[in-house]
Amino acid sequence: YIPSMNEAYAYCEALVRDADKDRYLAALFVPAAVRPHIFALYAFNAEVASVRERAREPQAGEVRLQWWREAVEGTRGSEAAANPVAVALLDTVERRSLARHLLSELVDGRSFDLYDDPMPTLAVLEAYVDATSGELIRLAASVLAGRRSGVVDAATHAGRAYAFTGLLRAFALHASRGQLYVPLDLLTRHGVTRDNAISGNATAGLLAALAEMRALARQHLDVARAHLKSVPPEAAPAFLPAALVPLYLSRMARSDYDPFKTPVEVPQWRRQWALWRAAKRGL
């Protein structure tokens, strides 16, 4: 079955609404004429970000990521034409003149997710989130404002702030399956080993390491805000998800916070209010 273009875009919107509620809510502040292209981009991100959950083993995940690399390059032909996300994404690439190499770099960044190797250093973590979260913001800004200058620095730091926060929110899930995204060099400074970090025991050292990660997320958000002055106004909605960072960080800063037990959730109405305020007043 070959989906129509309208069906493909509708599928992307539904996928983002179910799989990535933060970005779905943020996309509602995008001008209606461009919104379907943002949903296509975010749906593509949701697909590659969820490969770990869908693949039974790393090799199967690598095959799936390679399929997306080839789809982005336009070499998957009829297979891509039957995939609604690929259909909408490739249409968006053409209509909005997206840089295919940035999409490929986003796919490449997701290879780390397939394995249980711990994140070795903060520098490696930054490279990982730059290739995933940061690239996604750059691509969204390109959809909204074209390949205008002035977005790279803001996208890098907003992407780090949002990704660091997201990884902290998912800490318990990752630990339960042996994954560790908090860098080992940061953990070591607080006397925490990899085994300690995924043990299910919220030690004082682990809590201190996670607090340092939260501080880094806040610092990146502050730097992103400074760089947003040079971002074209049309591109501003691409940065809206970062407006939710303070809400999540404040939840994790509570005295009774347990990274293995405390759900890091914020009611939807509060998220919508934060996004509305950021859309009106700026991040």
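Please refer to the structure placed before this passage.
Described below are features of the structure shown in this document. (Residues numbered from 1 in each chain as written. Predicted model: local features only at pLDDT ≥ 70, side-chain atom pairs only at ≥ 80, totals over all residues. Heavy atoms only, no water.)

1. Brief notes about the overall build of the chain
Then comes step 1: Within the chain, the secondary structure is distributed over 16 helices and zero strands.
Then comes step 2: Computed over C-alpha atoms, the radius of gyration of the chain comes to 19 Å, within 12% of the 19 Å expected from 2.2 N^0.38 for 283 residues, which places it in the range of a compact globule.
Then comes step 3: Judged by the C-alpha coordinates and their principal axes, the chain covers about 55 × 45 × 30 Å.
Then comes step 4: When each of the 283 residues of the chain is scored for burial, the buried share is 52%.
Then comes step 5: Sequence separation of 24 or more characterises 73% of the internal contacts of the chain that already satisfy a separation of 6 or more.
Then comes step 6: By element, 52% of the accessible surface of the chain is carried by carbon and sulfur atoms, the whole surface being about 12,700 Å².
Then comes step 7: If you average the places of the 34 positive and of the 31 negative side-chain charges in the chain, the two averages end up 8 Å apart. (Helix = DSSP H or I, 4+ residues; strand = E, 2+ residues; numbered from the N terminus. Rg over C-alpha atoms; globule rule 2.2 N^0.38 Å. Buried < 20%, exposed > 50% of the residue type's maximum accessible area, 1.4 Å probe, protein only. Contact = heavy atoms within 4.5 Å. Areas by Shrake-Rupley, 256 points an atom, 1.4 Å probe, with all protein chains shown as cover. Lys, Arg positive; Asp, Glu negative; His and termini not counted. Charge placed at Lys NZ, Arg CZ, Asp CG, Glu CD.)

2. Brief notes about the packing of aromatic side chains
Then comes step 1: Under the counting rule described, the total for this entry stands at eight aromatic pairs.
Then comes step 2: With a centroid separation of 5.6 Å and an interplanar angle of 65 degrees, the aromatic rings of phenylalanine 44 and tryptophan 68 are classed as edge-to-face. Here tryptophan 68 lies in helix 5 (residues 58–73) and phenylalanine 44 lies in helix 3 (residues 35–49), a separation of 24 residues in the sequence. Each member of the pair phenylalanine 44 and tryptophan 68 is classed as buried.
Then comes step 3: A network of ring pairs unites the aromatic residues Phe44, Trp67 and Trp68 as a single cluster.
Then comes step 4: Positioned over the ring face of tyrosine 248 is arginine 169, at 3.8 Å from the centre of the ring. (Phe/Tyr/Trp six-rings, centres within 6.5 Å; stacked < 30°, edge-to-face > 60°. Lys NZ or Arg CZ within 6 Å of the ring centre and 35° of its normal.)

3. A short note on the packing of helix 3 against helix 9 (residues 122–145)
For any two helices packed against each other, one specifies the crossing angle of their axes together with the interaxial distance.
Then comes step 1: At a minimum axis separation of 10 Å, helix 3 and helix 9 run at an interaxial angle of 160 degrees. The pairing of helix 3 with helix 9 is recorded here as roughly antiparallel in orientation. Helix-helix and strand crossings are classified by hand; for helix 3 and helix 9 the assignment is right-handed. Facing His37, Ile38, Leu41, Tyr42 and Asn45 of helix 3, the residues of helix 9 in contact are Leu136, Leu139, Ala140, Val143 and Leu144.
Then comes step 2: Residues that form the contact of helix 3 with helix 9 fall into these classes: eight nonpolar, two polar and no charged. (Axes fitted to C-alpha atoms, helices over the stretch in contact; angles between N-to-C directions. Parallel < 35°, antiparallel > 145°, perpendicular 65-115°, else oblique. Left-handed = near helix turned anticlockwise from the far one by under 90°. Nonpolar A, V, L, I, M, F, W, Y, C, P; charged D, E, K, R; others polar.)

4. Quick word on the layout of surface pockets
Then comes step 1: When its volume is computed, the largest pocket comes out at roughly 1,100 Å³.
Then comes step 2: For the largest pocket, the lining is made up of 42 residues, of which Arg23, Ala49, Arg110, Gly166 and Ala170 are closest to its centre.
Then comes step 3: Elements that contribute at least two residues to the lining of the largest pocket include exactly helix 1 (5–19), helix 2 (21–27), helix 3, helix 4 (51–54), helix 9, helix 10 (152–169) and helix 11 (171–176).
Then comes step 4: The element best represented in the lining of the largest pocket is helix 10, accounting for six residues.
Then comes step 5: Grouping the amino acids of the lining of the largest pocket by side-chain chemistry returns 18 nonpolar, nine polar and 15 charged. (1 Å grid on protein atoms, 1.4 Å probe; cavity = no way out; pocket = protein on both sides within 12 Å on 5 of 7 lines; lining within 4 Å. Points joined across faces, edges and corners; volume = space filled by probe spheres on them.)

5. Digging into unusual backbone geometry
Then comes step 1: Its identity is not glycine, yet serine 97 carries a phi of approximately 55 degrees, on the positive side.
Then comes step 2: Within the secondary structure, serine 97 is located in the loop between helix 7 (84–96) and helix 8 (100–109).
Then comes step 3: On the accessibility criterion, serine 97 (43% relative accessible area) is partly exposed.

6. Digging into the pattern of salt bridges
Then comes step 1: Tallying each qualifying case throughout the model produces 20 salt bridges.
Then comes step 2: Three or more residues joined by partner-sharing salt bridges are found here, namely Asp22, Arg169, Glu265 and Arg271. (Salt bridge = Lys/Arg side-chain N within 4 Å of Asp/Glu carboxyl O.)

7. Let's talk about the nonpolar core
Then comes step 1: Core analysis: the largest hydrophobic core is formed by 100 residues, its most contacted members being Phe44, Trp68 and Phe239.
Then comes step 2: It is helix 9 that contributes the most residues to this core, 11 residues altogether.
Then comes step 3: Once you skip the residues sitting within four places of it in the chain, tryptophan 68 turns out to touch Phe44, Glu47, Val48, Asn83, Val85, Ala86, Leu89 and Val107. (Core = buried A, V, L, I, M, F, W, Y, C linked by side-chain atoms within 4.5 Å.)

8. Concerning helix 10
Then comes step 1: Here helix 10 is 18 residues long and its end C-alpha atoms lie 25 Å apart, about the 26 Å a rise of 1.5 Å per residue gives.
Then comes step 2: Taking burial as the measure, the 18 residues of helix 10 include 14 buried ones, the bulk of the element. (Expected span 1.5 Å × (residues − 1).)

9. Some points on the packing of helix 5 against helix 8
Then comes step 1: At their nearest, the axes of helix 5 and helix 8 sit 9 Å apart, and the two run at 175 degrees to each other. Taken together, helix 5 and helix 8 sit at an angle that is classed as roughly antiparallel. Contact residues: helix 5 offers Leu65, Trp68, Arg69, Val72 and Glu73, while helix 8 offers Arg100, Leu103, Ser104, Val107 and Asp108.
Then comes step 2: For the contact of helix 5 with helix 8, the class distribution of residues is five nonpolar, one polar and four charged.

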